[in-house]
Every structure is written in C-alpha cells, then in structure tokens.
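# Observations on chain architecture
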Amino acid sequence: MSRFLCDKYAPLKEYTPGEQPQGMKFIKLNTNESPYPPSENVITAAKEQSELLNLYSDPQAKELKKALAERYGTEYENVFVSNGSDEILEFFFMAFCSDRKVAYPQISYGFYPVYAQLFGADAEEIPLKDDLSIDHNDYVAINKNIVIANPNAPTGICLTKNEIEQIVSSNKDNIVLIDEAYVDFGGESSVELVKKYDNIVVCMTFSKSRSLAGGRLGFCFANEKIIQDLEKIKYSTNPYNVNRMTQACGVEAIRNDGYYMQNAKKIICTREYLIGEYKALGFEITDSKANFIFASHSDISGKELYEELRSHGILVRHFSTPRISNFVRISIGTQEDIQTLVSVTKEILKARRAL
Ligand code: PMP
C-alpha cells in the first residue's frame, strides 16, 4: 500500500479471482468458463471490429440492447449492458446500496461483500440452511435491498421463480437484484417479473453459457427508471464500458442462440454424468443447476483434493471459507475432460484408502 491511498480504502478486502494460468498446461475447471469456443460468426465479428479499433464503441450499445430485448421479450428501455456482469453488480451497489442496508446470503458470490464494503453499504449476511440452500423466507419483508444469486454460487442450488416473487413483492420499497449468471444450466429465470415489479433487477452474463468470459459482457433487465439510474452511473464512470469487439460478439452470439443453448444442454448432460460418477465414489454433492458441481468427500479434505488434482494437471476451485472448506467446486468441462477428472479422482481416492 502506498502512503497516498485514501484512508477509507485501506481496510478494503479485495476479491480474489480464480487462478488463470496462461498457456494450456491444465485441464481448467476452476472458473466456470464454457469449455466450448465461441461460434464462428462471433469470431468473425471480433476480427471485423478489430480493424476499427481506432474508433470508440457505441456508448448506447443500441444493436446489442435491441438484440437482448428481443431475445428476452422485454422493451429496449429495460436493458442495460456492461463490462462483465461484475460491473452491473458494482453499479448496483454504488447506485442503490451506498450507505444503505443490503442483505445477501452468507455463502454466495465473493464479490457481494467486496462491493458492499467499497460503497459503504450496511450489509447483513444471512446464513444458509444446513443443506446449504437459501431459505427464501429469510428475505420476505426484510425491508432491505437484497442480492441473491440464482442458482447460488458456489452451491448451484436454485430458488423457484415463485419464491423470488415472494421476496420481490414483500420488499416493495427496496430493490432486489437476482444474479442469474448460471441460469441457462437448468434454473428458472425471473426475467418476466421485470414487467410486473419496478423493484427487481435480473442480471445475466455472456461469460458462462455464451463462451465469452474473455470478452467481458454482462446485461440486466429492470424497470426503465432503474436502467436510467445505471446509465447515470455508467456515464459518470466509463461511457464506453463495452468495447466494440465485444458489442459485435454479443449481437452475433444472440443470433447464434441455438448453438449456445445446445452447448448448455451438453454441459447439463456432462454435469449429470459427473454427479453420478462422483456419488458412486462416495462424494456428497449439492443439487447444482449450474455449470459446476460442489462436492465433498469424507476421506479427503477439500484442500487436499484441490492440491492432489492440481498436481495431476486439473485445476478446480477451493474456498477456505468456514462451512464450505471441505468442498471443491468443479466447473463442467467437455465430456472428455470430465472423464479424465473422474479417473484421476479414482486414483487419488484409491491411493488414500491404501494408506
Ligand atoms: N455472478 C456470479 C454468481 C458469478 O459467479 C460470476 C462469475 N465470477 C459473476 C456474477 C460475474 O461474471 P462476469 O463478470 O464474468 O459476467
């Protein structure tokens, strides 16, 4: 820390991203990216736009917002796009939670507490139930802003749209953000609630099901006035927040929706295969509807399994957070990668039992 950092940022506990090894020496199952490449049209669009990089991008991202509004059945005025959905979360906390109350699950996406601290929110972390699911009743009429990942991370467990609606309708004087980063892998979207309620933001990303993590593209749907507030923050921080290659990639990815939704189905099949194999090996696994599983085993700690897999060239994610330190989170790769994971895991467990 330099002697120039403003006092209020000195205690900030920043977010730690998952490891991003450069070069491909690992089977990378640690940051929930898609194992499938972008569609050809997306790659062509990026190349075309790369020749125009001397020009700024469209600050209104009109084509992209139009494509998203059409795909999700909302009006253009209900769409906001961002540099990764992390930026929507950032703008949300800045715009609506600075010096205000906000509640989110105690075990969830690690960026929520960081933004809460950064923007001085009065944050309440609500514990999960014993089975690591969220009790939606904990959020009914709580009279605070609310942020919930649905499916939750890193458990992958979902709430129903009906449960989300109970939360939204009972907190009318507060704003509820539903983070649907993983919704395309079997969750139930709440996007339709945007038409009915003026206090919900439904946030999604191109990073997971749409193979664009490196392009950084997030989007959200909300009442027009909320979108205007987010635009106000954007124009006060970074008007060209989505670069021109990524905007064009986003438009093409929506045009190629079939390809991406087919890949999501493949990932769901591979997830179910992995759950079956891991259960047979004695793992306990949460009911994940995301592109990852969350698993623990009584014969090996989460940290040891993470380290053993790493030494065999497979990267997964381990969190040392209390209550979940015995788990590993494993992103769903290609069927082939996951078959390798299963056979390596068998070897690791066999070696343990022989000890
Ligand atoms: N929400 C959740 C629950 C996530 O796990 C992630 C991915 N780390 C994000 C949001 C942010 O994703 P991105 O910024 O890549 O859109």
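Another point: the overall build of the protein chain. Scanning the protein chain from terminus to terminus reveals eleven helices and twelve strands. Here the C-alpha atoms of the protein chain give a radius of gyration of 20 Å, agreeing with the 20 Å that 2.2 N^0.38 yields for 355 residues. Each of the 355 residues in the protein chain was classed as buried or not, and the buried ones make up 52%. Of the roughly 16500 Å² that the protein chain leaves accessible, carbon and sulfur atoms contribute 49%. Looking at the protein chain, you have 40 positive and 48 negative side-chain charges, and the mean spots of the two groups are 2 Å apart.

One can find Ser209 in the loop between β7 (200-205) and β8 (218-222). We classify Ser209 as buried; its relative accessible area is 4%. Polar side-chain contacts of Ser209 include one of 2.6 Å to the side chain of Asp184. For Ser209, the contacting residues outside a window of four places in its chain are Asp184, Phe185, Tyr260 and Met261.

With respect to spatial proximity, the complete set of residues near the ligand consists of Gly84, Ser85, Asp86, Tyr109, Asp179, Ala181, Tyr182, Thr205, Ser207, Lys208 and Arg216. Tyr109 places a polar side-chain atom, nitrogen or oxygen, 3.2 Å from a nitrogen atom of the ligand. Between the ligand and Asp179, the relevant distance is 2.6 Å, taken from a nitrogen atom to a side-chain nitrogen or oxygen of the residue. Protein chains bury 92% of the 410 Å² of accessible surface belonging to the ligand in isolation. Looking at the shell around the ligand residue by residue, the classes come out as three nonpolar, four polar and four charged.

All right, on to the environment of Ser57 then. Tracing the backbone shows Ser57 in the loop between α1 (40-50) and α2 (62-72). With 187 residues separating them along the chain, Ser57 and Arg244 place their C-alpha atoms 4.6 Å apart. Ignoring anything within four residues of it in the chain, the contact list for Ser57 reads Tyr240, Val242, Asn243, Arg244 and Gln247.

In terms of domains, the protein chain is made up of domain 1 (18-36 + 258-354) and domain 2 (40-255). Taking the mean C-alpha position of each, domain 1 and domain 2 sit 26 Å from one another. Between domain 1 and domain 2, the residue contacts involve 25 residues of the former and 27 residues of the latter. Both faces considered, domain 1 and domain 2 share a buried interface measuring about 2000 Å² in area, 62% of it formed by carbon and sulfur atoms. For domain 1, the biggest contributors to the area lost against domain 2 are Tyr260, Lys289 and Arg323; these three give 33% of the whole. At the junction of domain 1 with domain 2, the criterion picks out zero salt bridges. Those elements giving two or more residues to the side of domain 1 that touches domain 2 turn out to be α9 (257-280), β10 (292-296) and β12 (327-331). Among the elements that make up the side of domain 1 that touches domain 2, the one with the highest residue count is α9 (six residues). Residues that form the side of domain 1 that touches domain 2 fall into these classes: 13 nonpolar, six polar and six charged.

The next thing to look at is the packing of aromatic side chains. Per the counting criterion, the structure on display carries 20 aromatic pairs. Centre to centre, the rings of Tyr15 and Tyr109 are 5.7 Å apart; their planes meet at 70 degrees, and the pair counts as edge-to-face. With a gap of 94 residues between them, Tyr15 in the segment before β1 (27-28) and Tyr109 in the loop between β3 (101-105) and α4 (111-118) connect regions that are remote in the sequence. On the basis of relative accessible area, Tyr15 is assigned to the partly exposed category, the value being 24%. Accessibility expressed as a relative area gives 21% for Tyr109, which makes it partly exposed. Where Tyr104 meets Tyr112, the ring centres are 6.0 Å apart and the plane angle is 55 degrees; that geometry is what we call tilted. By the burial criterion, Tyr104 is buried, and Tyr112 matches it. An aromatic cluster is defined as three or more aromatic residues linked by ring pairs; in this entry it consists of Tyr15, Phe92, Phe93, Phe96, Tyr104, Tyr109, Phe111, Tyr112, Tyr115 and Phe119. The ring of Phe206 is capped by Arg210, whose NZ or CZ atom sits 5.4 Å from the centre of that ring. A cation sits over an aromatic face here: Arg329 above Phe292, 5.7 Å from the ring centre.

Conventions we followed
- Residues numbered from 1 in each chain as written.
- Predicted model: local features only at pLDDT ≥ 70, side-chain atom pairs only at ≥ 80, totals over all residues.
- Heavy atoms only, no water.
- Helix = DSSP H or I, 4+ residues; strand = E, 2+ residues; numbered from the N terminus.
- Rg over C-alpha atoms; globule rule 2.2 N^0.38 Å.
- Buried < 20%, exposed > 50% of the residue type's maximum accessible area, 1.4 Å probe, protein only.
- Areas by Shrake-Rupley, 256 points an atom, 1.4 Å probe, with all protein chains shown as cover.
- Lys, Arg positive; Asp, Glu negative; His and termini not counted.
- Charge placed at Lys NZ, Arg CZ, Asp CG, Glu CD.
- Polar contact = N/O pair within 3.5 Å; in protein donor to acceptor, adjacent residues only side chain to side chain.
- Contact = heavy atoms within 4.5 Å.
- Near = heavy atom within 4 Å.
- Nonpolar A, V, L, I, M, F, W, Y, C, P; charged D, E, K, R; others polar.
- Domains from an automatic or database assignment.
- Buried area = accessible area lost by both parts, 1.4 Å probe.
- Salt bridge = Lys/Arg side-chain N within 4 Å of Asp/Glu carboxyl O.
- Phe/Tyr/Trp six-rings, centres within 6.5 Å; stacked < 30°, edge-to-face > 60°.
- Lys NZ or Arg CZ within 6 Å of the ring centre and 35° of its normal.

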